Amino acid sequence: MKRQFIFFVLVILFNSCKQTSEVPVCNVIEPRANIKSLLDSFVMVNGQNNAEYGIYIDKTSPHDYDLILYTGNEPLTKEEDRLNNQYPVNKVRTSNIEFKVYSGVEHYFQNTCDDKVRKKSVPQKVLEKNDYVIWVVKDSAGILTTYKTFGAYPFIALPKKIPDSLKFNLPDSIF
């Protein structure tokens, strides 16, 4: 009996002193209500058929932010990610979709996810067909202005929305 007691005490002592290696967490962050609603709307309008969903955040002044919501077959910044061996540090899950969050920190900090996730995030080849959707969101002191655009790239000046008064349709035939 005395031996068993000493054995159990040693087992408990050994297990309590042993350092545990925790599985790294792939930083899933929770968006504020207005951004969650925006992401839900983006998924509702554009569907869940693409391989990549991303949100690119650029702070342009103390109260102004430019955001790009993107979905396509490959990341919007695929070449930059490949060249710099960078991958998103944070993710947001909403409407059963995982958005990768890019803010510039991915260039300086590493994700703690395992290598399979990293390799999946940094594309090795370019797909032949890349259908994509881009929404530009201007956040000025909490007021969100959203419009769809045909082209934008993160962290540079974003295209402005063309006012309806300037839009015109070309005639079917010039002659």
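Here, every reference points to the structure presented above.
Scope of this entry: the structure provided in the associated data block. No experiment lies behind these values; they were computed from the predicted model shown.

1. Brief notes about the overall build of the chain
Here's step 1: Looking only at helices and strands, one finds four helices and six strands in the chain.
Here's step 2: Taken over 175 residues, the chain has a buried fraction of 31%.
Here's step 3: Summarising the internal contacts of the chain: among those between residues at least 6 apart in sequence, 57% fall at separations of at least 24.
Here's step 4: Total accessible area on the chain is roughly 12,800 Å²; 58% of this is exposed by carbon and sulfur atoms.

2. Focus on unusual backbone geometry
Here's step 1: If you check the backbone angles, Asn 85 has positive phi at about 50° while not being a glycine.
Here's step 2: Tracing the sequence through the fold places Asn 85 in the loop between helix H3 (78-84) and strand E3 (90-94).
Here's step 3: Its relative accessible area of 58% is what places Asn 85 among the exposed residues.
Here's step 4: Unusually for a residue other than glycine, Ser 95 sits at a positive phi of about 50°.
Here's step 5: Its place among the elements puts Ser 95 in the loop between E3 and strand E4 (97-102).

3. Focus on the nonpolar core
Here's step 1: Core analysis: the biggest nonpolar cluster contains 16 residues, and Leu 39, Phe 42, Ile 55, Leu 69 and Phe 99 have the highest contact counts within it.
Here's step 2: No other element matches helix H2 (residues 33-46), which puts five residues into this core.
Here's step 3: Those residues in contact with Leu 39 that sit more than four places away from it in its chain are Ile 55, Leu 69, Val 92, Thr 94 and Phe 99.
Here's step 4: Counting ten residues, the second-largest nonpolar core is a separate cluster that includes Tyr 56, Tyr 70, Leu 76 and Leu 158.

4. What to know about the environment of Thr 71
Here's step 1: By secondary structure assignment, the location of Thr 71 is in strand E2 (residues 64-72).
Here's step 2: Spatially, the C-alpha atom of Thr 71 lies 9.0 Å from that of Gln 48, the residues being 23 residues apart in sequence.
Here's step 3: With sequence-adjacent residues up to four places away left out, Thr 71 is seen in contact with Phe 42, Asn 46, Asn 50, Glu 52, Tyr 53, Asp 131, Tyr 132 and Val 133.

5. Observations concerning the pairing of E3
Here's step 1: Of the strand pairs in this sheet, E3 and E4 are connected by five bridges, and their pairing is antiparallel. Paired with Lys 91 across the two strands is Lys 100, which belongs to E4.

6. Quick word on a nonpolar patch on the surface
Here's step 1: Nonpolar side chains collect at one region of the surface, where Val 105, Tyr 108 and Phe 109 lie side by side and expose about 360 Å² of accessible area between them.
Here's step 2: For Tyr 108, a relative accessible area of 66% translates into the label exposed.

Parameters at a glance
Residues numbered from 1 in each chain as written. Predicted model: local features only at pLDDT ≥ 70, side-chain atom pairs only at ≥ 80, totals over all residues. Heavy atoms only, no water. Helix = DSSP H or I, 4+ residues; strand = E, 2+ residues; numbered from the N terminus. Buried < 20%, exposed > 50% of the residue type's maximum accessible area, 1.4 Å probe, protein only. Contact = heavy atoms within 4.5 Å. Areas by Shrake-Rupley, 256 points an atom, 1.4 Å probe, with all protein chains shown as cover. Core = buried A, V, L, I, M, F, W, Y, C linked by side-chain atoms within 4.5 Å. Pairing = 2+ DSSP bridges. Patch = residues over 30% accessible without salt bridge, like charges linked within 9 Å, V, L, I, M, F, W, Y side chains within 5 Å. Salt bridge = Lys/Arg side-chain N within 4 Å of Asp/Glu carboxyl O.

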